[in-house]
Amino acid sequence: MSETESPSFESSSELVSTVVPKVEPKVDPILEQKLDVLRSAIQHKAPFCQGVVPLAEDDSYLFYGKDSNARRINIAKASVEEVQRLAETCDPATFGVNQQDVYDETYRKAGKLDRREFALNFSPEQSGMLDAVRDSLLVELHAGSRVGTEPIRMELYKLNVYGKCPQSFFKAHVDTPRSELMFGSLVMVLPITHEGGALVLRERDKENIEEWTFDSSALLAQCNQPSIAYVAFFSDVEHEVLPVQSGYRVTITYNLYHVQQKSDAQDVVLPSARPVPTNEEIFRSVLRGLLDAPEFLPNGGNLLFCLHHQYPLSNAKQPFDKARQALIDVTSRLKGSDAMIFKVLRELSLDTAPKVVYEDATETWHDALYVMCDHVVPLDNEYLHSGSLAQYLVSTHKGILLNEDPDSYISYRDGCDPPAAKVYWIAPTPWRVNSDKATFIHYGNEAKLAHSYWKVSLFVRIGPAGSRATVASDAGATPVQP
Ligand SMILES: O=C(O)CCC(=O)C(=O)O
Ligand SMILES: [Fe+2]
């Protein structure tokens, strides 16, 4: 999200009394070099897929209307007047900001119909589009065959019309997660002539921005028969619709969900269809090489993999064990390279547990603190009563202080001995951690925030040289305490 707002936050200034000397973590350059090799052995796939599907004559009828007099358009041959009438039937599209649906023409200008107001004959399931999306976004190649992930389902969301007059667009946002199972969005662009209106997807970290473009007007112009252009993407990825320059860009959008199922179908190996490149072999061999080397963490240690994607989790206050289970369940829905890392860690019998890491950068007299929890803690400012976020997480949510000398901070304040762990980060830090400033407020396509995207990490325990395994093979992800 490029224009994320921050909630106001007041630091607890009455506690600023003494400057506590910061203990510089000792950096071992040789170990860092080895960890860099492991870091660069993780390759991320683009977070989207796109394509074009020809439209059969019988599938090309769009019905729409707000009363019993629905209209019918053959979208393969629609006249400008017909599309204009469709545009005029639409309501202005709103979007969500700070938990409210707002209409703001500087942020989003488009028309919309809700799903009870339209129907298209074309079926993404029957055309094979949904399978193609699933294979591209969720299936990882493993030793020449596909490893099937859970099935997915789609839910019809909206029809949108982006026109030239007035010029339509939708600025950078992420799609509001509607449940913990939602992972993506599917946009179908109907075969109606338009220019502009490309969808730009963006991933950013502290230093870099990576960008991809889905240009529906160019894709449709190349087709020699009426077709639907589609794009599907992980909905936590920032995206934006550029202004339409001419014609009408008419879209139908769907939300994509995992289907929860408890069966052995999860790891079924399906016949190879379309190889999806992944660097699983490289990652496995680099990690194995490190584990085999006696000089790598000779006494064992902890790695913390900050995952690349974000995952929707409930904002509701719930008992610890339920919140913990919700986080553990995320490991069966990991996307792309995140799924690959988890799989390899388990194969190598390394005790691996999902965690959420919080950054507390609110103290002006101390560097940012990182606290690791084994469940999501909704940050609703309750923690302000505890003095600081870090203190709240440690004292109320069994948080573990990362890479800090316990003598230097919380114990100094509380006279207690906070649980602490040393970890080696396998990711750029600190942008893939959660903070009170970034987590909740965002521009989404809908206001409801029963769920938010959370940055999840994998805490991995490595045994000493010669006996690296920290869990019996196949025991899977068990919660660990450092
Ligand atoms: O039309 C598109 O390509 C994307 C639309 C979108 O981002 C949304 O409706 O949330
Ligand atoms: Fe969107």
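Right, let's walk through the structure included here. Model, not experiment: these values are computed from the prediction. (Residues numbered from 1 in each chain as written. Chains lettered and ligands numbered in written order. Predicted model: local features only at pLDDT ≥ 70, side-chain atom pairs only at ≥ 80, totals over all residues. Heavy atoms only, no water.)

So, the packing of helix 1 (residues 29-40) against helix 5 (residues 280-292)
When two helices pack together, their arrangement is captured by the angle between the axes and the distance separating the axes.
Here is step 1 of the chain: Running from amino to carboxyl end, helix 1 crosses helix 5 at an angle of 160 degrees, the nearest separation of the two axes being 9 Å. Taken together, the axes of helix 1 and helix 5 lie roughly antiparallel to each other. Crossing of helix 1 against helix 5: the hand is left-handed. Counted together, Lys 34, Val 37 and Leu 38 of helix 1 and Phe 283, Val 286, Leu 287 and Leu 290 of helix 5 form the full contact between these two elements. (Axes fitted to C-alpha atoms, helices over the stretch in contact; angles between N-to-C directions. Helix = DSSP H or I, 4+ residues; strand = E, 2+ residues; numbered from the N terminus. Parallel < 35°, antiparallel > 145°, perpendicular 65-115°, else oblique. Left-handed = near helix turned anticlockwise from the far one by under 90°. Contact = heavy atoms within 4.5 Å.)

So, the sheet that holds strand 2 (residues 61-64)
Here is step 1 of the chain: An order of 3-2-9 is seen for the 3 strands of this open sheet, with the pairing classed as antiparallel. Taken across any chain shown, the strands that pair with only one partner, and hence form the sheet edges, are strand 3 (71-74) and strand 9 (118-120). Looking at each pair of strands side by side, their axes are set apart by 15 degrees on average, direction ignored.
Here is step 2 of the chain: Inspection of the sheet shows strand 2 paired to strand 9 by 3 bridges, in the antiparallel sense. The residue bridging Leu 62 from the neighbouring strand is Leu 120, located in strand 9. (Pairing = 2+ DSSP bridges.)

Re the nonpolar core
Here is step 1 of the chain: Counting 60 residues, the largest nonpolar core has Leu 86, Leu 120, Leu 159, Val 250 and Ile 252 as its most contacted members.
Here is step 2 of the chain: Of all the elements, strand 18 (residues 227-234) adds the most residues to this core, at 7 residues.
Here is step 3 of the chain: For Leu 120, the contacting residues outside a window of four places in its chain are Asp 59, Ser 60, Tyr 61, Leu 62, Ile 75, Met 188, Leu 190, Ile 228 and Ile 252.
Here is step 4 of the chain: Formed by 50 residues, the second largest nonpolar core is a distinct cluster that contains Val 286, Leu 287, Tyr 311 and Val 460. (Core = buried A, V, L, I, M, F, W, Y, C linked by side-chain atoms within 4.5 Å. Buried < 20%, exposed > 50% of the residue type's maximum accessible area, 1.4 Å probe, protein only.)

A closer look at the coordination of the iron ion (ligand 2)
Each pair of donors in an ideal octahedron of six around a metal sits at 90 or 180 degrees, and each pair in an ideal tetrahedron of four sits at 109.5 degrees.
Here is step 1 of the chain: The coordination sphere of the iron ion (ligand 2) contains the protein donors His 173 (NE2), Asp 175 (OD) and His 239 (NE2), at a distance range of 2.1 Å.
Here is step 2 of the chain: Counting gaps between the donor residues of the iron ion (ligand 2) yields the pattern H-x1-D-x63-H. Here His 173 is found in strand 13 (residues 169-173), whereas its partner His 239 is found in strand 19 (residues 238-241), with 66 residues between them in sequence. Here His 173 and His 239 have matching classes, each one buried. (Donors = N, O, S within 2.8 Å, 3.2 Å for Na, K, Ca; no water.)

A closer look at the pattern of salt bridges
Here is step 1 of the chain: Following the criterion strictly, the structure yields 22 salt bridges and no others.
Here is step 2 of the chain: For the salt bridge of Lys 34 with Glu 295, the shortest nitrogen-to-oxygen distance reads 3.6 Å. Here Lys 34 is found in helix 1, whereas its partner Glu 295 is found in the loop between helix 5 and strand 22 (301-314), with 261 residues between them in sequence.
Here is step 3 of the chain: Between Glu 105 and Lys 109 there is a salt bridge, with the nearest N and O atoms lying 2.9 Å from each other. (Salt bridge = Lys/Arg side-chain N within 4 Å of Asp/Glu carboxyl O.)

Topic: the packing of helix 5 against helix 7 (residues 336-347)
Here is step 1 of the chain: Between helix 5 and helix 7, the shortest axis-to-axis distance is 10 Å and the interhelical angle comes to 40 degrees. Here helix 5 is positioned oblique relative to helix 7, judged by the angle of their axes. Crossing angle aside, the handedness with which helix 5 passes helix 7 is right-handed. The segment helix 5 lies against helix 7, with Glu 280, Phe 283, Arg 284 and Leu 287 engaging Met 340, Ile 341, Lys 343, Val 344, Leu 345 and Glu 347.
Here is step 2 of the chain: Class assignment of the residues belonging to the contact of helix 5 with helix 7 gives a composition of 6 nonpolar, no polar and 4 charged. (Nonpolar A, V, L, I, M, F, W, Y, C, P; charged D, E, K, R; others polar.)

Points about the packing of aromatic side chains
Here is step 1 of the chain: In this structure the tally under the stated criterion is 4 aromatic pairs.
Here is step 2 of the chain: For the pair Tyr 370 and Trp 425, a centre-to-centre distance of 5.4 Å together with 75 degrees between the ring planes defines the contact as edge-to-face. Placement of the pair is Tyr 370 in strand 24 (residues 369-373) and Trp 425 in strand 27 (residues 424-426), with a sequence separation of 55 residues.
Here is step 3 of the chain: The ring of Tyr 157 is capped by Lys 158, whose NZ or CZ atom sits 4.5 Å from the centre of that ring.
Here is step 4 of the chain: Positioned above the aromatic ring of Tyr 162, the side-chain terminus of Arg 249 is 5.4 Å from the ring centre. (Phe/Tyr/Trp six-rings, centres within 6.5 Å; stacked < 30°, edge-to-face > 60°. Lys NZ or Arg CZ within 6 Å of the ring centre and 35° of its normal.)

A look at the side chain of Thr 331
Here is step 1 of the chain: On the secondary structure map, Thr 331 appears in the loop between helix 6 (320-330) and helix 7.
Here is step 2 of the chain: A residue is classified by how much of its surface remains accessible, and Thr 331, at 15% relative accessible area, is buried.
Here is step 3 of the chain: In contact with Thr 331, other than residues within four places in its own chain, are Phe 342 and Pro 354.

Some details on the sheet that holds strand 16 (residues 199-204)
Here is step 1 of the chain: One open sheet accounts for 5 strands, arranged 7-13-19-16-17; its pairing is antiparallel. Each edge of the open sheet carries a strand with a single partner, namely strand 7 (108-109) and strand 17 (209-214).
Here is step 2 of the chain: By the bridge criterion, 2 bridges tie strand 7 to strand 13 in an arrangement that is antiparallel. Bridging across to strand 13, Arg 108 finds its partner in Phe 170.

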